[in-house]
Amino acid sequence: MTDVPSNLNTADILQILSYLPHRYPFLLIDRIIDMNGDESCIGVKNVTYNEPHFQGHFPSRPLFPGVYMIEGMAQTAGAICVASKLAEKARPKEVYFMTIDKVKFRKPVEPGDVVHYHMKKLANRRNMWWYRGEARVNGTLVCEAELAAMLVIE
């Protein structure tokens, strides 16, 4: 367990942009709330119909792609890992999504939904972090997974 300051309560879009290299259309989180160091947080994604993937997934019934939910979890976890290192005065050079396991898709997500990525740290060794994530819409579980991130520290 790491001793990371837990005074980071939220991260708005500008802070997320400073933590992650992702940009439109592949930045898949809009805000992070309830940050507790690198232990846990909730990433927020506002799903809107004007996102480019809805043109083909699927025109008759737009569904938010499941792989985007997994990527949203990974971005949420990666962002709090970077934030925790910045709090320790270290600047990560890169963030890599390393593994994914135990994925289950429970319900479809549609435009107009707000997805909350509940991320909880399982372990941390050196520059690797493992998280369990649950994606929820209005409190209903829509997706779950375990994933790992690696930071390259300068």
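Just so you know, these numbers come straight off a predicted model, no measurement behind them.

1. A few points about the pairing of strand β1 (residues 31-36)
For step 1, the next point in the chain: Pairing geometry for β1 and strand β2 (residues 40-46), over 4 bridges, is antiparallel. Of the residues in β2, the one forming a bridge with I33 is I42.
For step 2, the next point in the chain: The turn linking β1 back onto β2 is made up of 3 residues, and G37 within it adopts a positive phi angle of 55°.

2. Looking at the pattern of salt bridges
For step 1, the next point in the chain: Applying the stated criterion across every chain, the model contains 10 salt bridges.
For step 2, the next point in the chain: Put simply, E134 and R136 hold a salt bridge, and the shortest N to O gap is 2.7 Å.
For step 3, the next point in the chain: Given the relative accessible area of 22%, R136 is considered partly exposed.

3. Quick look at the sheet that holds β1
For step 1, the next point in the chain: The strand order β1-β2-β4-β5-β6-β3 describes an open sheet built from 6 strands, whose pairing is antiparallel. At either end of the open sheet lies a strand with only one pairing partner, and these are β1 and β3 (92-105). Neighbouring strand axes in the sheet, compared pairwise and without regard to direction, differ in orientation by 25° on average.
For step 2, the next point in the chain: Where strand β4 (residues 114-125) meets strand β5 (residues 128-137), 10 bridges bridge the pair, whose relative direction is antiparallel. Opposite K121, over in β5, you have Y131 as the bridge partner.

4. Quick look at the nonpolar core
Nonpolar side chains in soluble globular proteins generally cluster together in the buried interior.
For step 1, the next point in the chain: Judged by nonpolar contacts, the single largest core of 34 residues is most densely connected at I32 and Y117.
For step 2, the next point in the chain: Mapped onto this core, the elements with two or more residues apiece are α1 (13-19), β1, α2 (66-87), β4, β5 and β6 (140-153).
For step 3, the next point in the chain: Broken down by element, this core gets its largest block of residues, 9 residues, from α2.

5. Some points on the environment of G112
For step 1, the next point in the chain: By secondary structure assignment, the location of G112 is in the loop between β3 and β4.
For step 2, the next point in the chain: Relative accessible area serves as the criterion here: at 62%, G112 is assigned to the exposed category.
For step 3, the next point in the chain: Linking G112 and F64, residues 48 residues apart in sequence, is a C-alpha distance of 10 Å.

Reading the values: the criteria
Residues numbered from 1 in each chain as written. Predicted model: local features only at pLDDT ≥ 70, side-chain atom pairs only at ≥ 80, totals over all residues. Heavy atoms only, no water. Pairing = 2+ DSSP bridges. Helix = DSSP H or I, 4+ residues; strand = E, 2+ residues; numbered from the N terminus. Salt bridge = Lys/Arg side-chain N within 4 Å of Asp/Glu carboxyl O. Buried < 20%, exposed > 50% of the residue type's maximum accessible area, 1.4 Å probe, protein only. Axes fitted to C-alpha atoms, helices over the stretch in contact; angles between N-to-C directions. Core = buried A, V, L, I, M, F, W, Y, C linked by side-chain atoms within 4.5 Å.

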